[in-house]
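# Chains, contacts and geometry: an overview
Chain by chain, the residues:
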Amino acid sequence: MAKRIDVSGLSAYYGSFRAIEDISMTVEPRSVTAFIGPSGCGKSTFLRTLNRMHEVTPGGRVEGKVMLDDENLYGAGVDPVSVRREVGMVFQRPNPFPTMSVYDNVAAGLKLNGSYKKSQLDDIVEKSLKGANLWNEVKDRLNKPGSGLSGGQQQRLCIARAIAVEPKVLLMDEPCSALDPISTLAIEDLIGELKERFTIVIVTHNMQQAARVSDRTAFFNLAAVGQPGKLIEIDDTERIFSNPSVQATEDYISGRFG
Amino acid sequence: MSTLVQHPSSLQGARLPKWSPWAIAVGSVAVSIGLCVATGIESKIQWGLIAALLFVFGTYFIAAGVEGKRQAKDRIATSMVWVAFIIAVVPLASLVWETVKRGSKVLDGYFLSHSMGVVSDTEPGGGIYAAIIGTLEQVGIATLIAVPIGVLTAIYLVEYGRGHLARAVTFFVDVMTGIPSIVAGLFILSLLLIFDMSFSGFAGALALAILMMPVVVRSTEEMLKLVPNELREASLALGVPKWRTILKVVLPTALGGITTGVMLAVARIAGETAPVLLLVFGNPFINNNPFEGAQASLPLYIYQQYANSAGSEAAYDRAWAAALTLIAFVMILNLAARGIARWKSPKTGR
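Residues numbered from 1 in each chain as written. Chains lettered and ligands numbered in written order. Predicted model: local features only at pLDDT ≥ 70, side-chain atom pairs only at ≥ 80, totals over all residues. Heavy atoms only, no water.

A few words now on the domain arrangement of chain B. All names here are of chain B. As assigned here, chain B comprises domain 1 (20-103) and domain 2 (113-344). With six residues of domain 1 at the contact, the number on the domain 2 side is five residues. Taking both partners together, domain 1 and domain 2 bury about 530 Å²; carbon and sulfur atoms supply 80% of that area. Scanning the region where domain 1 abuts domain 2 turns up zero salt bridges. Linking domain 1 with domain 2 are zero residue pairs in polar contact (both at pLDDT 80 or more), by the criterion used here. Residue classes in the side of domain 1 that touches domain 2 are distributed as two nonpolar, two polar and two charged. (Domains from an automatic or database assignment. Contact = heavy atoms within 4.5 Å. Buried area = accessible area lost by both parts, 1.4 Å probe. Salt bridge = Lys/Arg side-chain N within 4 Å of Asp/Glu carboxyl O. Polar contact = N/O pair within 3.5 Å; in protein donor to acceptor, adjacent residues only side chain to side chain. Nonpolar A, V, L, I, M, F, W, Y, C, P; charged D, E, K, R; others polar.)

Right, dumping it as structure tokens:
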């Protein structure tokens with residue numbers, strides 16, 4: 001079910017500004033890969049190129065190849081909409097749909113795509129909410145507005161919404177940066193469970209979090225403000241945090257800069 | 001006064017008592033009346049203006065004396081806001097009061113359910129049934145034309161429009177906002193003449209639609225811009241196509257605001273007289289068909305009753321009653337819009 005991502009020679013632009021340059025890496029299926037690096041180094045931009053959300057930004061365009069198993073996401077005739085059904089995303093700030101109930105929020109991906117059977121919907125919603133460790137907290141108020149939940153619950157609701165469409169890959173853009181430590185813990189536990197079923201890529205500013213949840217870690221950096229961001233190295237998390245092969249990574253992790 | 005006693009603490013200064021603004025207001029009104037009676041100024045408006053000036057400056061000097069300069073500036077700002085508020089509300093309240101007082105004289109079931117027919121303009125009797133029918137039909141048709149076009153234009157501008165075309169559309173919408181209603185009427189009139197057609201409620205509705213469209217575009221545009229981008233991205237990231245995202249996520253989120261905007265636009269065109277005068281012409285008899293023949297309409301009825309009255313009390317009363325009906329119509333629409341906006345707006349309850 002989970003798929004491998006193979007990126008080669010990828011650059012992303014905002015208009016004429018090159019935000020990331022020539023990135024190549026492999027993301028293994030059924031694992032958690034963390035992106036770390038200073039602000040503005042292009043981690044989030046790179047993440048958004050993996051499900052073609054980058055081009056939603058006006059002026060955004062991408063060069064290079066992203067292979068999802070053996071399909072190029074940027075190949076000719078590829079529909080970004082079907083890419084996004086394969087590669088789901090969770091955003092920095094919880095963003096449940098304000099007009100919809102908890103139930104409808106989880107069912108949104110299926111309902112809005114029009115491809116569902118009423119009888120299956122209840123099961124999918126329950127399964128997704130259980131998968132996001134939220135079922136026990138909301139099962140009695142499925143018809144209440146989703147925006148009435150707490151921040152941590154809202155973020156888990158967004159995760160439930162993302163996994164309800166059964167993507168192959170789940171991208172998370174700083175999913176815990178707006179949450180308290182307890183909610184963060186809940187989400188980190190959840191990431192550990194979800195990696196059994198999905199390929200997970202997570203952007204984080206919290207290095208302890210990267211060390212806790214990820215199997216592999218990629219370090220991004222930029223030479224100077226206005227220069228494009230680059231991938232410095234990607235390796236097993238243990239190695240990155242104990243004995244990285246590049247000096248800049250060690251400097252960043254040990255807090256000598258940034 | 002105990003409140004004027006200087007406190008020893010450096011954080012506590014002397015404060016005017018809570019009731020002091022009211023006292024100053026009453027005082028300045030009294031002084032103004034006295035002053036005006038003494039000097040023989042008769043205009044009530046001048047009385048009011050003098051009282052307002054006395055209030056603003058009185059507040060400043062009293063506060064400056066007791067509380068200090070900074071608090072005095074604070075109080076002068078507050079008092080000017082209040083004076084501006086009262087200046088704005090007085091004409092509105094007096095207009096509503098005057099219309100209710102004069103309009104309620106002949107406004108009854110008979111007035112609402114009968115038309116002028118053969119009743120002469122100078123005699124009592126008759127009613128506004130034909131005018132109500134005309135206004136409802138013309139405004140209804142104009143809304144049916146203008147709202148879809150306006151909302152779709154706004155969706156284009158916010159969700160799709162880039163570059164020259166979008167800028168041109170925005171520019172022309174701005175220009176359209178400034179079109180005088182008589183010009184919109186003349187534009188449709190020229191079309192009528194070119195195609196050799198005659199007066200009808202539909203022609204009036206076309207002109208009203210021209211006036212309504214830019215208002216709908218503007219308000220819808222603002223409402224769509226208020227929808228957070230995160231919601232669009234959340235929906236797109238679920239693999240929902242853009243058009244469905246707009247239809248199922250963006251529009252429902254903005255629906256309350258869009259409805260309010262549409263209702264305000266309806267209220268604006270319901271009172272338009274000029275294009276109706278040119279294109280609908282007015283009709284004392286009931287004409288239920290908006291596509292053929294002259295129709296009546298409320299604003300036009302008011303104008304005609306006033307213009308053709310020849311000093312007759314009965315015609316004046318009918319004009320006021322029709323004005324009251326029009327105001328009530330617009331107000332009911334506004335209340336309905338607010339109700340819909342509250343009902344449809346994003347829920348935050350737990």
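There is more to say after this.
Taken residue by residue, the interface counts 22 residues in chain B and 31 residues in chain A. Summed over the shared surface of chain B and chain A, the result is two salt bridges. Salt-bridge contacts for Arg93 of chain A lead to Glu230 of chain B; the nearest nitrogen and oxygen are separated by 2.7 Å. Counting across the interface, chain B meets chain A through five residue pairs in polar contact (both at pLDDT 80 or more).

For the coordinates displayed, the defined rule picks out two cavities of 30 Å³ or more. Taken as a whole, the largest cavity encloses approximately 50 Å³ of empty space. What lines the largest cavity is simply Met89, Val90, Phe91, Asn95, Cys158, Arg161 and Ala162 of chain A together with Ala234, Ala237 and Leu238 of chain B. Where the lining of the largest cavity is concerned, the elements lending two or more residues are strand S6 (87-90) and helix H6 (151-164) of chain A together with helix H9 (229-237) of chain B. Broken down by element, the lining of the largest cavity gets its largest block of residues, three residues, from H6 of chain A. Here the lining of the largest cavity is composed, by residue class, of eight nonpolar, one polar and one charged. The space that makes up the second largest cavity amounts to roughly 40 Å³. Lining the second largest cavity, in full, are Thr135, Gln138, Val139, Leu208, Ile269, Ala270, Glu272, Val276, Ser297 and Pro299 of chain B. The element contributing the most residues to the lining of the second largest cavity is helix H5 (residues 129-160) of chain B, with three residues. (1 Å grid on protein atoms, 1.4 Å probe; cavity = no way out; pocket = protein on both sides within 12 Å on 5 of 7 lines; lining within 4 Å. Points joined across faces, edges and corners; volume = space filled by probe spheres on them. Helix = DSSP H or I, 4+ residues; strand = E, 2+ residues; numbered from the N terminus.)

As a further point, take the packing of aromatic side chains. Residues and elements named next belong to chain A. Evaluation of the coordinates by the stated rule reveals 10 aromatic pairs over all chains. By the ring-pair criterion, three or more aromatic residues cluster together here, those being Phe35, Phe46 and Phe220. Over the ring of Tyr13 we find Arg61, and its NZ or CZ is 4.2 Å from the ring centre. (Phe/Tyr/Trp six-rings, centres within 6.5 Å; stacked < 30°, edge-to-face > 60°. Lys NZ or Arg CZ within 6 Å of the ring centre and 35° of its normal.)

Residues and elements named next belong to chain B. Within the secondary structure, Ser297 is located in the loop between helix H11 (274-279) and helix H12 (298-307). Take Ser297: its relative accessible area is 2%, and that puts it in the buried class. For Ser297, the contacting residues outside a window of four places in its chain are Ala131, Thr135, Gln138 and Val276. (Buried < 20%, exposed > 50% of the residue type's maximum accessible area, 1.4 Å probe, protein only.)

This part covers the nonpolar core. Core analysis: the largest hydrophobic core is formed by 97 residues, its most contacted members being Met25, Phe35, Phe46 and Phe220 of chain A together with Met212 and Leu224 of chain B. A total of 13 residues in this core trace back to one element, the largest contributor, which is helix H10 (residues 242-270) of chain B. Leaving out residues up to four positions away in the same chain, Leu224 of chain B has contacts with Ala154, Ile155, Val158, Arg232, Val250, Leu251, Ala254 and Ile258 of chain B. Of all hydrophobic cores here, the second largest spans 40 residues; its members include Val32, Leu110, Leu121 and Ile191 of chain A. (Core = buried A, V, L, I, M, F, W, Y, C linked by side-chain atoms within 4.5 Å.)

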